[in-house]
Amino acid sequence: MGEKQNVLEKKTSKHAVSRRTFLKDSVMLAGGVLSSGLLLTGCNENPKDYLKKPTAENPEIFNDWLGKSPEIPDSKIKKILNTDIIVVGAGVAGLNAARAASENGAEVLVIEKAGTWQCRSGQYGTLNNKIQRSLGITFEKNTAILENMKQMGYRADQRIWNYWADHSGEDFDWLLELAPDLAVLPETATQLAEGKINLLLMHYPVPASYNRSEENSPTYPTVMSFLPDQKSILERVFKKDQEQGCEFLFETKVCQLLRPDDQSRVEGVICEDIKGNYIKINAKKAVILATGDYSNNKSMVKALMPWAVDYVNVFPNKDAKGKPTNTGDGHIMGAWIGGKIEDGPHAPVVHTLGGPMGTDAYMLANDCGKRFVNEDIGGQQLSCSLYRQPGNFAWQIFDDKWPEQLEFMGVGHGSVNHCLPVDQNPKLPKICAWSLGRTAYTSREDFLKTQDLIIAQSMDELVSKIFPENKEYQENLKKTIARYNESANKGNDEEFGKLAKRMFPIATPPFYAGKMPAGIMLFAGGGFTINPENCNVLDKNYDSIPGLYAAGNVQGGRFVGDYPVVTAGVSHAMALGFGRLAGASAAKL
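Since we're looking at a predicted model, the values are computed, not measured. (Residues numbered from 1 in each chain as written. Predicted model: local features only at pLDDT ≥ 70, side-chain atom pairs only at ≥ 80, totals over all residues. Heavy atoms only, no water.)

Visitor: What am I meant to see in the packing of aromatic side chains here?
Guide: How two aromatic rings sit relative to each other is given by the distance of their centres and the angle of their planes. Scanning the entire structure with this criterion turns up 23 aromatic pairs. Judged by centre distance (5.8 Å) and plane angle (45°), the ring pair of Phe172 and Phe226 falls under tilted. With Phe172 in helix α5 (residues 158-176) and Phe226 in strand β8 (residues 223-227), this pair connects stretches of sequence that are 54 residues apart. For the pair formed by Phe172 and Phe226, the shared burial category is buried. Grouping aromatic residues by their ring pairs yields a cluster made of Trp161, Trp164, Phe523, Phe559 and Tyr563. Arg99 extends its terminal NZ or CZ atom over the ring of Trp174, reaching a point 3.9 Å from the ring centre. (Phe/Tyr/Trp six-rings, centres within 6.5 Å; stacked < 30°, edge-to-face > 60°. Helix = DSSP H or I, 4+ residues; strand = E, 2+ residues; numbered from the N terminus. Buried < 20%, exposed > 50% of the residue type's maximum accessible area, 1.4 Å probe, protein only. Lys NZ or Arg CZ within 6 Å of the ring centre and 35° of its normal.)

Below, the structure is given as structure tokens:
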């Protein structure tokens, strides 16, 4: 590098978010409703027992979210550095872009506005990685891709999905090269392997009754989860980057991309360190944007997905000044120099993890006591429907035969498929809760600990507990359940078309009810239109912007219109794979 900058190698600043702090401070609200079923897992404690609601913040919302590129005269530049490739953002995409670029011989500088590199959760959805191959897990890629495309109205770039299907397995294997001590855990695991990288297979094997060809919303066996999260594996990526010569500037925010006259190659960036000093960094080859999404920029959300402006963003990652990350910095800077932010509608990722019995297809009634949807859909689609109901939630209602019904339910994010004796119900440490979401296992005893669960011995008692002060809604719910039971007994859901094998009458007391809230926003899906062959950012005429690349949540073409949960974990897998592709492509310039 032309001039060396001292970097924060292993330092974790006071603003870095530990996983334990992350769990304690996460918001569990969705549309103003406490998410009673959001993170129920097989862990030792219900996560709601230790998650606390933070002080509400009301960020300013501006009509002009884009603004103008700042004017930073040369007189304010305190330092000039030179490198081959600049990576803006040190998350999954950025760290892996740096690794790939440096493996291909490039000199790399990574800039991150937080106090250290960033991560969250730990689920990866891939096809044909070495673990899947060893277990014989496979599926026809085009069938899965086309289901995803259908659920997004064919707005996403199918070439990006093709790349994921063809390369995600080898990309994940590339990541696992850094984990020779890998411990692969079944979903029935009760403890982590100490001192190892833990990876848990989720929703595998599927129940014998699951027939993908007859599903209204099919899913595929893609997802594996690092436990207790992906911090341990990304720590190794970070160290690998350093071993390969990558430099890191933490507590430094990129303010501007350098592209003379907005016509030629992107030549570098101007950034500002935590002390207010401006640094100009020249890039001989390219700048790679890996800056995350814009869900914490309410002005952008209002402009690009206005229906989601009041959705709560759960992730508490902070920059070095204690402000939220994922504020669309890369989107804004790239747009200033002509980058095309993809056409919408952009996709708020809000998949609920369900109610007392997860996202299983039990009857749902809104807060007026009326059924409103085919309950046999994925968590994202459930949230889309729930956000259009009073209070943004529904009552999930079922009877005491639920343990024998679970094996007939769907498979995917939030589904529960097995009821075991309490001493056999797998319980991993509670710190795994965020990465797991919800496991497919429960027991009667653990289920009965569900917070705010309503239990009733008669239908009159049930409706009076759900609507204690509203006789009209009580009568509505009685009629709704009666009609549902009639359809279940006929084996034909004439109202909403749910599969007959999931139409279970609510007839055997005790009866149960609990709230299923719409999901909180995990990220805002929408980014730059890119060339899917190399991640090069395109302009409004779909022409290349030389020297500018994008990967991760700032990359477009992945999730548009909606976020399917057909192939769970695919977002992280794409951040890994396209980060790798962007780094390798830029290094070859």
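Visitor: What is the right way to read the packing of helix α2 (residues 92-103) against helix α15 (residues 570-587) from this model?
Guide: Direction vectors running N to C along α2 and α15 enclose 35°, while the axes themselves pass 7 Å from each other. Handedness of the crossing formed by α2 with α15: right-handed. On α15, the residues that touch Val92, Ala93, Asn96, Ala97, Ala100 and Ala101 of α2 are His572, Ala575, Leu576, Gly579, Arg580, Gly583, Ala584 and Ala587. Residue composition of the contact of α2 with α15, grouped by class: nine nonpolar, four polar and one charged. (Axes fitted to C-alpha atoms, helices over the stretch in contact; angles between N-to-C directions. Left-handed = near helix turned anticlockwise from the far one by under 90°. Contact = heavy atoms within 4.5 Å. Nonpolar A, V, L, I, M, F, W, Y, C, P; charged D, E, K, R; others polar.)

Visitor: So what exactly am I meant to see when it comes to the sheet that holds β8 here?
Guide: Within a sheet, each strand pairs with its neighbour through backbone hydrogen bonds, oriented either parallel or antiparallel. With mixed pairing, four strands are arranged side by side in an open sheet as β5-β8-β7-β6. Each of the sheet's edge strands pairs with one partner strand only, and the pair in question is β5 (123-125) and β6 (183-185). Direction aside, the axes of adjacent strands within the sheet are offset by 30° on average. Of the strand pairs in this sheet, β6 and strand β7 (residues 198-201) are connected by three bridges, and their pairing is parallel. From the neighbouring strand, Leu185 faces β7, where its bridge partner is Leu200. (Pairing = 2+ DSSP bridges.)

Visitor: Even after reading the chapter, I still don't get the pairing of β8, so can you show me in this structure?
Guide: One face of the sheet, then the other: side chains in a regular strand alternate in exactly this way. Along β8, five of the five residues are buried, which leaves the element largely enclosed by surrounding structure. Pairing geometry for β5 and β8, over three bridges, is antiparallel. Bridge pairing links Gln123 to Ser225 in β8. Pairing of β7 with β8 involves four bridges; the strand directions are antiparallel. Note on β8: the bridge partner recorded for Leu200 is Ser225.

Visitor: I would appreciate a short explanation of the side chain of Asn96 in the present structure.
Guide: The residue Asn96 is located in helix α2 in this model. At a separation of 2.8 Å, a polar atom in the side chain of Asn96 contacts the main-chain carbonyl oxygen of Val92. In contact with Asn96, not counting residues within four places along its chain, are Trp174, Leu175, Leu234, Val237, Leu576, Gly579 and Arg580. (Polar contact = N/O pair within 3.5 Å; in protein donor to acceptor, adjacent residues only side chain to side chain.)

Visitor: Would you explain helix α13 (residues 459-466) in this entry?
Guide: An α-helix turns once per 3.6 residues; consequently, residues spaced three or four apart project the same way. Looking at α13, one finds that the buried residues are Leu462, Val463 and Ile466. Around the axis of α13, the buried residues are gathered within 90° of arc, so they sit on the same side. Where α13 is buried, its residues meet β15 (393-398), β18 (454-456), α14 (471-490) and β19 (511-517). (Arc of directions from axis to C-beta.)

Visitor: Looking at this structure, I do not really get α14. What am I missing?
Guide: The terminal C-alpha atoms of α14, which comprises 20 residues, lie 29 Å apart, in line with the 28 Å expected from a rise of 1.5 Å per residue. Within the span of α14, buried status applies to Gln474, Asn476, Leu477, Thr480, Ile481, Tyr484, Asn485, Ser487 and Ala488. Axial view of α14: buried residues confined to an arc of 165°, hence all on one face. Seen from the buried face of α14, the exposed residues on the opposite side, beyond 90 degrees, are Lys471, Glu472, Lys479, Asn489 and Lys490. Here the buried face of α14 lies against β14 (363-365), β15 and α13. Following α14 by one or two positions, Gly491 has its phi on the positive side, about 75°. (Expected span 1.5 Å × (residues − 1).)

Visitor: Any chance you could explain the sheet that holds β19 here in plain terms?
Guide: Spatial ordering of the open sheet is given by β14-β15-β19-β18, a layout of four strands whose pairing is antiparallel. Edge strands, defined here as strands with exactly one partner in the open sheet, are β14 and β18. Taken pair by pair, the neighbouring strands of this sheet meet at an average axis angle of 30°, ignoring direction. Note: β15 against β19, six bridges, orientation antiparallel. By the bridge assignment for β19, Phe398 is matched with Tyr512.

Visitor: I'm lost on the nonpolar core in this one. Help?
Guide: Within the largest apolar cluster, 127 residues are counted, with the highest numbers of intra-cluster contacts made by Trp161, Ile281 and Val287. When sequence neighbours within four positions are dropped, the list of residues in contact with Ile281 reads Leu81, Thr83, Ile86, Leu109, Ile111, Leu249, Glu267, Gly268, Val269 and Cys271. Listed in part, the 19 residues of the second largest apolar core include Ile397, Ala456, Leu477 and Ile506. (Core = buried A, V, L, I, M, F, W, Y, C linked by side-chain atoms within 4.5 Å.)

Visitor: Sorry if this is basic, but what is going on with unusual backbone geometry here?
Guide: Residues Tyr204 and Pro205 are joined by a peptide bond in cis, for which omega reads -5°. With an omega of 0°, the peptide bond running from Pro509 to Pro510 counts as cis. Relative to the elements of secondary structure, Pro510 occurs in the loop between α14 and β19. Backbone geometry places Tyr154, a non-glycine residue, at a positive phi of 60°. Along the polypeptide, Tyr154 turns up in the loop between α4 (141-151) and α5. In this structure, Asn392 takes a positive phi of about 60° despite not being glycine. With respect to the helices and strands, the residue Asn392 is situated in the loop between α9 (379-386) and β15.

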